[in-house]
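# Residue-level structure breakdown
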Amino acid sequence: MGTQAPNDQNNYVSQDVDEKLKRQKEIDDWLPITSSRNAKWWYSAFHNVTAMVGAGVLSLPHAMAELGWGPGVAILVLSWIITLYTLWQMVEMHEMVPGRRFDRYHELGQYAFGEKLGLYIVVPQQLVVEVGVNIVYMVTGGKSLKKFHETVCSSCHQIKLTFFIMIFASVHFVLSHLPNFNSIAGVSLAAAVMSLSYSTIAWAASLHKGVREDVSYAYKASTTAGKVFGFFDALGSVAFAYAGHNVVLEIQATIPSTPEKPSKGPMWRGVVVAYIVVALCYFPVALIGYWMFGNEVDDDILITLQKPGWLIAMANMFVVVHVIGSYQIYAMPVFDMIETVLVKKLHFRPSITLRFVTRNIYVAFTMFVGITFPFFGGLLGFFGGFAFAPTTYFLPCIMWLAIYKPRKYSLSWCANWICIFFGVLLMVLSPIGGLRTIILQAKTYKFYS
């Protein structure tokens, strides 16, 4: 009789653990990042292209004009190499602990820096990036729709930018209810194709137009302060152009994995393809755009290219389709965070209603902020340095040093410290330029105009 009670107790404990594990699995099967793990390697390719090649590519010629030929080319190439290296690190770290996957950026941060500190370091930065990108894309989508409307129908009544941002947002009130990454694969593929298309239109149309007669490659600003602040702002635009790292682990989480065939193989294949596409988009647009227009290029090269009208209208429509896909890629981890907190911490029941309400509120929030502050160029520079630089250029390196502890002065140690130095410089300098641009534009700006 005496042995009966402990056995019953053990059974209760075992049942309790089983119940918790079952509930945990049900929640994981519902959450957007972990609910579907059957993605192919090419999903990772076009998800990464969609995340990386944003509308930021169209501001690269303007960034080149602020940087000049030498520094501009050096920073573009350095950024490409450094971000490819840090992306490789993240793909490697996704499954470095046998039997465990770090499905989210903050989970890797928690493993590297500790449960609480990891959350405090990663989550605020990741949220600033993802919510920031979504706001900027609301503005970009609205501006591109407005440009399309004006190009196609120049004699039509002028419509406020506010309404175009609302039209753009209306698409997301529908698309945001797709449950997970794999369900937006079609949208993401269309977006990736569009990004390559409008980038090609941008540099090919520039090349066709030829070099301007009075082209000048001198810095546009006449004062030293103007040149320095312009340089800083351009650094932010470059950082913004390489901002895909914030969703890399979340994309890799959708790829199936076994001990014999880990997910890093197909993921890396997709990343390499994505980075080749990134190079094909970025370098021709930045270099040819600057070569043709010099310091007279606008912060969106499609504005500089006013003719032929039908081609510019088409390119703007491609931008709209692309930022629709990009918005969804960056919104998905935010939805995951919000839904995780609601279900795991506040114990809401996972349901369609919960998802419907939270996602609509989020889309409405990004729309409202985008309508209120549409300083496109300055926003890129400000957000670019503030949060993109850490999460893309040096946070993966710090995690790598904390986890793998490479020997001092070894190649890995030196490479990581060089990336950290470059990334910290970007983080400190570019928000200064971006903030100045916002202040200058805000002087003449009227709310909801």
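In what follows, the accompanying structure is described. (Residues numbered from 1 in each chain as written. Predicted model: local features only at pLDDT ≥ 70, side-chain atom pairs only at ≥ 80, totals over all residues. Heavy atoms only, no water.)

A few words on the packing of helix α4 (residues 69-93) against helix α9 (residues 224-241). Between α4 and α9, the least distance of the axes is 11 Å, while the angle of their chain directions is 30 degrees. On the basis of the axis angle, α4 is roughly parallel to α9. With respect to the hand of their crossing, α4 and α9 are arranged in right-handed fashion. Across the interface between the two elements, P71, I75 and S79 of α4 pack against F231, L235 and V238 of α9. Class assignment for the residues of the contact of α4 with α9 results in five nonpolar, one polar and no charged. (Axes fitted to C-alpha atoms, helices over the stretch in contact; angles between N-to-C directions. Helix = DSSP H or I, 4+ residues; strand = E, 2+ residues; numbered from the N terminus. Parallel < 35°, antiparallel > 145°, perpendicular 65-115°, else oblique. Left-handed = near helix turned anticlockwise from the far one by under 90°. Contact = heavy atoms within 4.5 Å. Nonpolar A, V, L, I, M, F, W, Y, C, P; charged D, E, K, R; others polar.)

Turning our attention to the environment of L119. Inspection of the secondary structure puts L119 in helix α6 (residues 115-152). On the basis of relative accessible area, L119 is assigned to the partly exposed category, the value being 33%. Considering only alpha carbons, one finds L119 and E107, twelve residues apart in sequence, at a separation of 7.8 Å. Those residues in contact with L119 that sit more than four places away from it in its chain are H106, Q110 and P124. (Buried < 20%, exposed > 50% of the residue type's maximum accessible area, 1.4 Å probe, protein only.)

Inspection of the entire model under this criterion finds 15 aromatic pairs. On the numbers, 6.0 Å between centres and 55 degrees between planes, the contact of Y393 with F422 is tilted. Placement of Y393 in helix α15 (residues 376-404) and of F422 in helix α16 (residues 411-443) is noted, with a sequence separation of 29 residues between them. Owing to a relative accessible area of 0%, Y393 belongs among the buried residues under this scheme. Under the relative-accessibility criterion, F422 is labelled buried at 16%. Members of the aromatic cluster, joined through ring pairs, are Y85, W88, W400 and Y404. Its guanidinium or amino end placed over the ring of W30, R355 lies 4.2 Å from that ring's centre, counting from NZ or CZ. (Phe/Tyr/Trp six-rings, centres within 6.5 Å; stacked < 30°, edge-to-face > 60°. Lys NZ or Arg CZ within 6 Å of the ring centre and 35° of its normal.)

Moving on to the state of the cysteines. In a disulfide, the sulfur atoms of two cysteines are held together by a covalent bond. Summed over all chains, the structure comprises one disulfide. C419 takes part in no disulfide bond, and the closest cysteine sulfur, belonging to C397, lies 4.1 Å away. On the basis of relative accessibility, which here comes to 4%, the residue C419 falls in the buried class. (Disulfide = S-S within 2.5 Å.)

As a further point, take the environment of V238. Locating V238 in the fold gives a position in helix α9. The buried category is assigned to V238, whose relative accessible area is 2%. On a C-alpha basis, the gap between V238 and Q441 in space is 20 Å, while along the polypeptide they are 203 residues apart.

On to a nonpolar patch on the surface, then. A contiguous nonpolar surface patch, about 660 Å² in accessible area, is contributed by W69, V73, V77, I81, L207, V211, Y217 and W291. The dominant element in the nonpolar patch, judged by the number of residues it contributes, is α4, at four residues. On the secondary structure map, L207 appears in helix α8 (residues 185-209). Under the relative-accessibility criterion, L207 is labelled partly exposed at 40%. (Patch = residues over 30% accessible without salt bridge, like charges linked within 9 Å, V, L, I, M, F, W, Y side chains within 5 Å. Areas by Shrake-Rupley, 256 points an atom, 1.4 Å probe, with all protein chains shown as cover. Salt bridge = Lys/Arg side-chain N within 4 Å of Asp/Glu carboxyl O.)

The next subject is helix α11 (residues 264-293). Across its 30 residues, α11 extends 42 Å between first and last C-alpha, which sits within 8% of the 44 Å expected from 1.5 Å per residue. The first or second residue beyond α11 is G294, which carries a positive phi of 60 degrees. (Expected span 1.5 Å × (residues − 1).)

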